[in-house]
Amino acid sequence: MSQNPAFAAPASVDGKLSAQISAALKKDEAGLVAAIVQQHGSGEVLMLGWMDEEALRRTLTTGRVTFWSRSRNEYWRKGDTSGHSQLVRSVALDCDGDALLVIVDQIGAACHTGTRTCFDGRELPAVVGRRVS
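Residue positions within a chain follow its written sequence, with the count starting from 1. Since the coordinates come from a predicted model, pLDDT governs what is reported: local features require at least 70, and pairs of side-chain atoms require 80 or more to be given and counted, while whole-chain, interface and lining totals use all residues. To get the side-chain values, take all heavy atoms of the structure and skip hydrogens and water.

1. Structural notes on the packing of aromatic side chains
Working definition: rings of Phe, Tyr and Trp (its six-membered ring) pair if their centres are within 6.5 Å, and the pair is stacked with planes under 30 degrees apart, edge-to-face with planes over 60 apart, and tilted otherwise. This structure, assessed with the given rule, holds two aromatic pairs. Judged by centre distance (4.8 Å) and plane angle (35°), the ring pair of Phe67 and Trp76 falls under tilted. By relative accessible area, which is 0% here, Phe67 ends up buried. Measuring from centroid to centroid gives 4.8 Å for Trp68 and Tyr75, while their planes differ by 70°, and the two rings are edge-to-face. Taking relative accessible area as the criterion, Tyr75 reaches 27% and is therefore assigned partly exposed. Think of it as a cone above the ring: NZ of Lys or CZ of Arg counts as a charge over the ring if it is within 6 Å of the ring centre and within 35 degrees of the ring normal. The ring of Tyr75 has Arg58 sitting right over it, with the charged end atom 4.3 Å from the ring centre. The cut-offs for exposure are 20% and 50% of the maximum accessible area for each residue type, with area from a 1.4 Å probe on protein chains only; residues under the lower value are buried, those over the upper are exposed, and the others partly exposed.

Right under this line is the structure:
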């Protein structure tokens, strides 16, 4: 089984996402890729947001996480209004190219509701699976 080579090109070329990274993305019909945000060190899953190529370029080149807001149809950089920012530690593309994993140092709450994560207190009833031997 072969692995994808590391991305050698810079993240941004002439103000656009590099062609190498752009070609690796498998975007949905709206041009978006899911971005899972995880706390550095603890592995805590904080939230899910959406990025297009420009949001990803901004995230990779500024050190702050930027998303595309599907409801407002605009870019938003986490923390600009709330002060609860996400400082980028690393960004990885999954094996299919349709999801990003953004490792961050979270400053304050990650969720717009004020909770630490967007998943706090929102557990669904589920049958706990058992390992089959």
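Moving on from the coordinates now.
2. Re the side chain of Thr66
You can see Thr66 is positioned in strand 5 (residues 66-69). Every residue pair with non-hydrogen atoms within 4.5 Å of one another is taken to be in contact. Every residue in contact with Thr66, bar those within four places of it in the chain, is listed here: Met51, Ala55, Arg58, Thr59, Tyr75, Trp76 and Arg77. Numbering of helices and strands runs from the N terminus, with a helix taken as a DSSP run of H or I at least four residues long and a strand as a DSSP run of E at least two residues long.

3. Brief notes about the nonpolar core
What is meant by a nonpolar core is a set of buried Ala, Val, Leu, Ile, Met, Phe, Trp, Tyr and Cys residues, joined one to another through side-chain atoms within 4.5 Å. Counting 18 residues, the largest nonpolar core has Val37, Met51, Leu56, Phe67, Leu100 and Val102 as the members making the most contacts within it. Listed by contribution, the elements that provide at least two residues to this core are strand 3 (33-39), strand 4 (45-51), helix 2 (53-62) and strand 8 (99-106). Val37 has contacts with Glu44, Val45, Leu46, Met47, Phe67, Gln86, Val102 and Val104, leaving out every residue within four places of it along the chain.

4. Considerations on the UniProt feature "binding site: Zn(2+)" (unreviewed entry) in the protein
UniProt positions are given in the numbering used here, feature names are shortened, and annotations may be inferred rather than shown by experiment. The residues that UniProt annotates with the feature "binding site: Zn(2+)" (unreviewed entry) are Cys95, Cys111 and Cys118. A maximum C-alpha distance of 27.1 Å shows the annotated residues, which cover 24 residues in sequence, to be distributed over more than one spot. Relative to the assigned elements, Cys111 resides in the segment after strand 8. Taking the relative accessible area as the measure of exposure, Cys111 reaches 5% and is therefore buried. Aside from chain neighbours lying at most four places away, what touches Cys111 is Lys78, Arg116, Thr117, Cys118 and Arg122.

5. Digging into the UniProt feature "domain: Phosphoribosyl-AMP cyclohydrolase" (unreviewed entry) in the protein
In this structure's numbering, the residues bearing the UniProt feature "domain: Phosphoribosyl-AMP cyclohydrolase" (unreviewed entry) are residues 47-119. With 14% helix and 40% strand, residues 47-119 has its two end C-alpha atoms placed 7 Å apart.

6. Topic: the environment of Arg130
With respect to the secondary-structure elements, Arg130 resides in the segment after strand 8. By relative accessible area, which is 77% here, Arg130 ends up exposed. Arg130 sits 62 residues away from Trp68 along the chain, and the two C-alpha atoms are 38 Å apart.

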